[in-house]
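Residues per chain are reported as follows:
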There are 2 protein chains.
Amino acid sequence: MAHGKIYLFPSLLSPDTVEAVIPRRNIDLIKGVKYFVVEELRTARRFLKQCDRSIVIDELHFDVLNEHTPGQDVEAMLVPALEGHDIGVISEAGCPAVADPGADLVAAAQRKGIEVVPLVGPSSILLALMASGFNGQSFAFLGYLPLEGAKRAAALKEMERNIRQHRQTQIFIETPYRNGRLISELSSKLPGDMLLCVACDITGQNESIITRPLRQWRSHADDYGKVPAIFLLYN
Amino acid sequence: MAHGKIYLFPSLLSPDTVEAVIPRRNIDLIKGVKYFVVEELRTARRFLKQCDRSIVIDELHFDVLNEHTPGQDVEAMLVPALEGHDIGVISEAGCPAVADPGADLVAAAQRKGIEVVPLVGPSSILLALMASGFNGQSFAFLGYLPLEGAKRAAALKEMERNIRQHRQTQIFIETPYRNGRLISELSSKLPGDMLLCVACDITGQNESIITRPLRQWRSHADDYGKVPAIFLLYN
């Protein structure tokens, strides 16, 4: 019997934006899938209903894969695919397996020779990079910067080096309540002519993606309150 | 008068895939835009027709921005936006301003305070990363590896170091006729247990995204002939 496939279904970054960010093919495919591996049950169910109101949630099988899932439980989630059923992967926001535990499931599928099909959808990293005006021929996504003082100082130095030596755009995130502190810190510790792009509410009603030299950001440190944002540095 | 906006319209990676990779909102927006900055006239016109057959190409204004465009010509392409008209940016394949000269136009728009709106669409980098099973919390896109011997050896060493020390997925591309040579080279110069993912014809009929240890790739160096592919390394 042929294996099922693993479909990676991107979900929304902002509420009520299915038409804005999800291609038609994703909707057609998701309606045929009965087995799902999801990061968060509630958001996955809501997303499925937004994709197509005719989807009957109670007829679907859900496994939850999040940061608390023991590593040894992941392979068992592939059993439906080994038995010939397609599996849909849905993360809490954006593209599965980019910054969530879905990558472990995909890695296990690749080891077993199960076909993995990535579908198009919103990625805050990629959308922010496009709109920043920064180098997209060379870039790095670093996740969160280290918190501990010496390690954080070293991370800033390494970002500066990678920008100067490799012309590499540096992309990272921060816990939202620290946005203001981060912007102040970057403004005071890195050269004033270095460019910072701050992107928030991407694909949403209040989308804002602004690039300025760090010296101009000093007076804007408090513009972002506690909203999730993504940060990009370049020169 | 309010400025127009710069809309970044992703185009197709594979022919006849508008329904598969382009969300509805992009089509609705592109029908209202009269001024375009495109990387290649012929592919942009064909893409517009595929988005909506009712678009009348002869009523649209096109500026071409490619690797031969002098840097000083870029700002003038923003004049329609300064005069209140929206501008659409379309690159030859995939997401504008990621690996093409559109980034210069976006940078100029950011300097002038013109709003830049990135739209969702296919990115071979992101789709390959999703399906690789590799770390998406930390990754780098390097473009092409250097060709010159000593620089190339140093680039391989640095990739290995970034994988081991920073758990950072390394993503790069190669001129298609060199695919086989690259796979052989990686297999012989990097540890056999390191994982290589090769992705080709992403979103197309013959999409293939396969992750294997390098020691298993040795016998598959010639699988890819001259097709455009993207390469990812991780451990």
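These numbers were taken from a predicted model, which means no experiment stands behind them.

Draft legend 1. Quick peek at helix α6 (residues 124-132) of chain A. All names here are of chain A. Along α6, eight of the nine residues are buried, which leaves the element largely enclosed by surrounding structure. For α6, every residue scored as buried is listed here: Ile125, Leu126, Leu127, Ala128, Leu129, Met130, Ala131 and Ser132. Gly133 sits one or two residues past α6 and shows a positive phi near 85°.

Draft legend 2. Focus on the sheet that holds strand β5 (residues 116-118) of chain B. One open sheet accounts for five strands, arranged β3-β2-β4-β1-β5 (chain B); its pairing is parallel. This sheet does not close on itself; its edge strands, each paired only once, are β3 (61-64) and β5 of chain B. Across this sheet, the average inter-strand angle for adjacent strands is 25°, counted without regard to direction. The sheet contact formed by strand β1 (residues 6-9) of chain B and β5 of chain B spans three bridges and is parallel. Bridge pairing in β5 of chain B places Ile6 of chain B opposite Val116 of chain B. Of the strands in this sheet, β1 and β5 of chain B touch α6 of chain A, which is tilted by about 150° from β5 of chain B. Across the sheet, helix α3 (residues 41-51) of chain B touches β2 (35-38), β3 and β4 (87-90) of chain B, and the angle it forms with β3 of chain B is around 140°.

Draft legend 3. Molecular detail of the interface of chain A and chain B. Across the boundary between the two partners, chain A contributes 53 residues, which contact 53 residues of chain B. Across the chain A/chain B interface, buried area totals approximately 4,000 Å², and carbon plus sulfur atoms make up 58% of it. On the chain A side of the contact with chain B, Gln110, Val120 and Met130 of chain A bury the most area, a combined 17% of that side's loss. Summed over the shared surface of chain A and chain B, the result is zero salt bridges. Within the residue set of the side of chain A that touches chain B, elements represented by two or more residues are α1 (18-21), α2 (24-30), α5 (102-111), β5 (116-118), α6, β6 (139-144), α7 (149-166) and β9 (208-213) of chain A. Per-element tally for the side of chain A that touches chain B: the top contributor is α6 of chain A, with seven residues. Considered class by class, the residues forming the side of chain A that touches chain B number 33 nonpolar, 13 polar and seven charged.

Draft legend 4. Looking closely at the pairing of strand β3 (residues 61-64) of chain A. In terms of strand pairing, strand β2 (residues 35-38) of chain A meets β3 of chain A through four bridges, oriented parallel. Paired with Tyr35 of chain A across the two strands is His61 of chain A, which belongs to β3 of chain A.

About the criteria used
- Residues numbered from 1 in each chain as written.
- Chains lettered and ligands numbered in written order.
- Predicted model: local features only at pLDDT ≥ 70, side-chain atom pairs only at ≥ 80, totals over all residues.
- Heavy atoms only, no water.
- Buried < 20%, exposed > 50% of the residue type's maximum accessible area, 1.4 Å probe, protein only.
- Helix = DSSP H or I, 4+ residues; strand = E, 2+ residues; numbered from the N terminus.
- Pairing = 2+ DSSP bridges.
- Axes fitted to C-alpha atoms, helices over the stretch in contact; angles between N-to-C directions.
- Contact = heavy atoms within 4.5 Å.
- Buried area = accessible area lost by both parts, 1.4 Å probe.
- Salt bridge = Lys/Arg side-chain N within 4 Å of Asp/Glu carboxyl O.
- Nonpolar A, V, L, I, M, F, W, Y, C, P; charged D, E, K, R; others polar.

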